[in-house]
Amino acid sequence: APSVTVELTKEQLDFAIDNALKVIRKRSSYGYLRGLFFLNLLPNQQVYEMTNECVGFNKIVDINTIYRTRGAAFKSAYAWNDSFSFAALQQLYTLGTFDILTYHLTSAYMEELETLFAERIMFQWTERTRQLKLHTYLATKERVLIDCVIERTEQDLLTDRETAHFIQRWAIMEAKMMLSAVRGKFQTLPGPNGSTTLNSQELITQAETERTQLEEELSDMV
């Protein structure tokens, strides 16, 4: 004593890693996965709290579609959205080979059936409040399939070979920026063998170069 600390603390290193995780989730599709969940709907209930951690509802960040699973129209005999359905329903239009026109007509026909028989449920999803509001009333209990986007956990991102290296590089870049700000407060520090010059400007140059490279990789979806 007296001493001057010019290194990063554990909290600052954790902050750099957290920033790297936020960048992955904000600017890359690798931060998310597609999820499929069953939800039991109750009669005359429109609002549902999607917070069940045991099922995994708490990881949902966006909901794409809600499908009704009970049989209706051609769904009782054929599965929707696969080549077998189109091959079976092809006979409605032609007895020849399978072609693009048949595929288009069949798709339009099935979409019209979904509209007529209310196969898809209109809804409103608010992530902030974790509330799912259905724009319809059901008279009986029914089980639906939720097609959604879920957020990958920190452990998953840190162990995935596709994301771990990027997170490490981004965290190091963030750490260099913070360290340059700390060391930039002092030009030199006294020592037993004379003064020591700090490398603040060198750290800034390295961090800016690395940030540019990492942002280019994100833009190019590397």
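See the structure printed just above.
Residues numbered from 1 in each chain as written. Predicted model: local features only at pLDDT ≥ 70, side-chain atom pairs only at ≥ 80, totals over all residues. Heavy atoms only, no water.

Observations regarding the sheet that holds strand E3 (residues 60–68)
Turning to step 1, where the next piece is worked out: Strands sit in the order E1-E6-E3 across an open sheet of three strands; the sheet is antiparallel. Each edge of the open sheet carries a strand with a single partner, namely strand E1 (32–41) and E3. Taking the axes of each pair of neighbouring strands and ignoring which way they run, one obtains an average angle of 25 degrees across the sheet.
Turning to step 2, where the next piece is worked out: By the bridge criterion, 10 bridges tie E1 to strand E6 (residues 142–151) in an arrangement that is antiparallel. Bridging across to E6, Tyr32 finds its partner in Glu151. (Pairing = 2+ DSSP bridges. Helix = DSSP H or I, 4+ residues; strand = E, 2+ residues; numbered from the N terminus. Axes fitted to C-alpha atoms, helices over the stretch in contact; angles between N-to-C directions.)

Focus: helix H6 (residues 200–219)
Turning to step 1, where the next piece is worked out: In this model, H6 (20 residues) spans 29 Å end to end at C-alpha, consistent with the 28 Å of a helix rising 1.5 Å per residue.
Turning to step 2, where the next piece is worked out: Among the residues making up H6, those that are buried are Ser200, Leu203, Ala207, Leu214 and Leu218. On an axial view of H6, the arc spanned by its buried residues comes to 60 degrees, and they lie on one face. Facing away from the buried side of H6 by over 90 degrees, the exposed positions are Gln201 and Ser219.
Turning to step 3, where the next piece is worked out: Its buried side turned inward, H6 meets helix H1 (10–27) and helix H5 (164–183). (Expected span 1.5 Å × (residues − 1). Buried < 20%, exposed > 50% of the residue type's maximum accessible area, 1.4 Å probe, protein only. Arc of directions from axis to C-beta. Contact = heavy atoms within 4.5 Å.)

Considering the packing of aromatic side chains
Turning to step 1, where the next piece is worked out: The tally for this structure, following the rule as stated, stands at two aromatic pairs.
Turning to step 2, where the next piece is worked out: Here the aromatic rings of Phe37 and Phe57 are separated by 5.6 Å at their centres, their planes lie at 75 degrees, and the arrangement is edge-to-face. Of this pair, Phe37 sits in strand E1 while Phe57 sits in the loop between strand E2 (47–49) and E3, placing them 20 residues apart in sequence. Taken as a pair, Phe37 and Phe57 share a single burial class, namely buried. (Phe/Tyr/Trp six-rings, centres within 6.5 Å; stacked < 30°, edge-to-face > 60°.)

Focus: the sheet that holds strand E4 (residues 123–126)
Turning to step 1, where the next piece is worked out: Taken together, three strands build an open sheet; the order of strands is E2-E5-E4 and the sheet is antiparallel. With one partner strand each, in any of the chains shown, E2 and E4 form the two edges of the open sheet. On average, each strand axis in the sheet is tilted by 15 degrees relative to the strand beside it, whichever way the strands run.
Turning to step 2, where the next piece is worked out: Alignment of E2 against strand E5 (residues 131–134), held across three bridges, turns out to be antiparallel. The residue bridging Glu49 from the neighbouring strand is Gln131, located in E5.

Focus: the environment of Gln46
Turning to step 1, where the next piece is worked out: On the secondary structure map, Gln46 appears in the loop between E1 and E2.
Turning to step 2, where the next piece is worked out: Placed 86 residues apart in sequence, Gln46 and Leu132 show a C-alpha to C-alpha distance of 8.0 Å.
Turning to step 3, where the next piece is worked out: Once you skip the residues sitting within four places of it in the chain, Gln46 turns out to touch Leu132, Lys133, Leu134, His135, Thr136 and Tyr137.
Turning to step 4, where the next piece is worked out: One polar contact links Gln46 to Tyr137, side chain to side chain, over a distance of 3.0 Å. (Polar contact = N/O pair within 3.5 Å; in protein donor to acceptor, adjacent residues only side chain to side chain.)

Some remarks on the pairing of E6
Turning to step 1, where the next piece is worked out: When E3 meets E6, the two strands line up antiparallel, connected through seven bridges. Directly across from Ile60, in E6, lies its bridge partner Ile150.

Digging into unusual backbone geometry
Turning to step 1, where the next piece is worked out: Positive phi, normally seen in glycine, also occurs at Asn44, with a value near 60 degrees.
Turning to step 2, where the next piece is worked out: The class of Asn44 is exposed, set by a relative accessible area of 57%.
Turning to step 3, where the next piece is worked out: Of note in the backbone geometry, Arg130 takes a positive phi value of approximately 60 degrees without being a glycine.
Turning to step 4, where the next piece is worked out: Note on placement: Arg130 falls in the loop between E4 and E5.

Comments concerning the packing of H5 against H6
Relative placement of two packed helices is described by the angle separating their axes and the distance separating the axes.
Turning to step 1, where the next piece is worked out: Viewed as axis vectors pointing N to C, H5 and H6 meet at an angle of 150 degrees, and their least axial separation amounts to 8 Å. Judged by the inter-axis angle, H5 sits roughly antiparallel to H6. Where H5 crosses over H6, the two elements pack in a sense that is left-handed. Residues Phe166, Arg169, Trp170, Met173, Glu174, Lys176, Met177, Leu179, Ser180 and Arg183 of H5 pack against Ser200, Leu203, Ile204, Gln206, Ala207, Glu210, Arg211, Leu214, Glu215, Glu217 and Leu218 of H6.
Turning to step 2, where the next piece is worked out: Partitioned by chemical class, the residues of the contact of H5 with H6 number 10 nonpolar, three polar and eight charged. (Parallel < 35°, antiparallel > 145°, perpendicular 65-115°, else oblique. Left-handed = near helix turned anticlockwise from the far one by under 90°. Nonpolar A, V, L, I, M, F, W, Y, C, P; charged D, E, K, R; others polar.)

Such coordinate-based values are descriptive only and should not be taken to indicate function.
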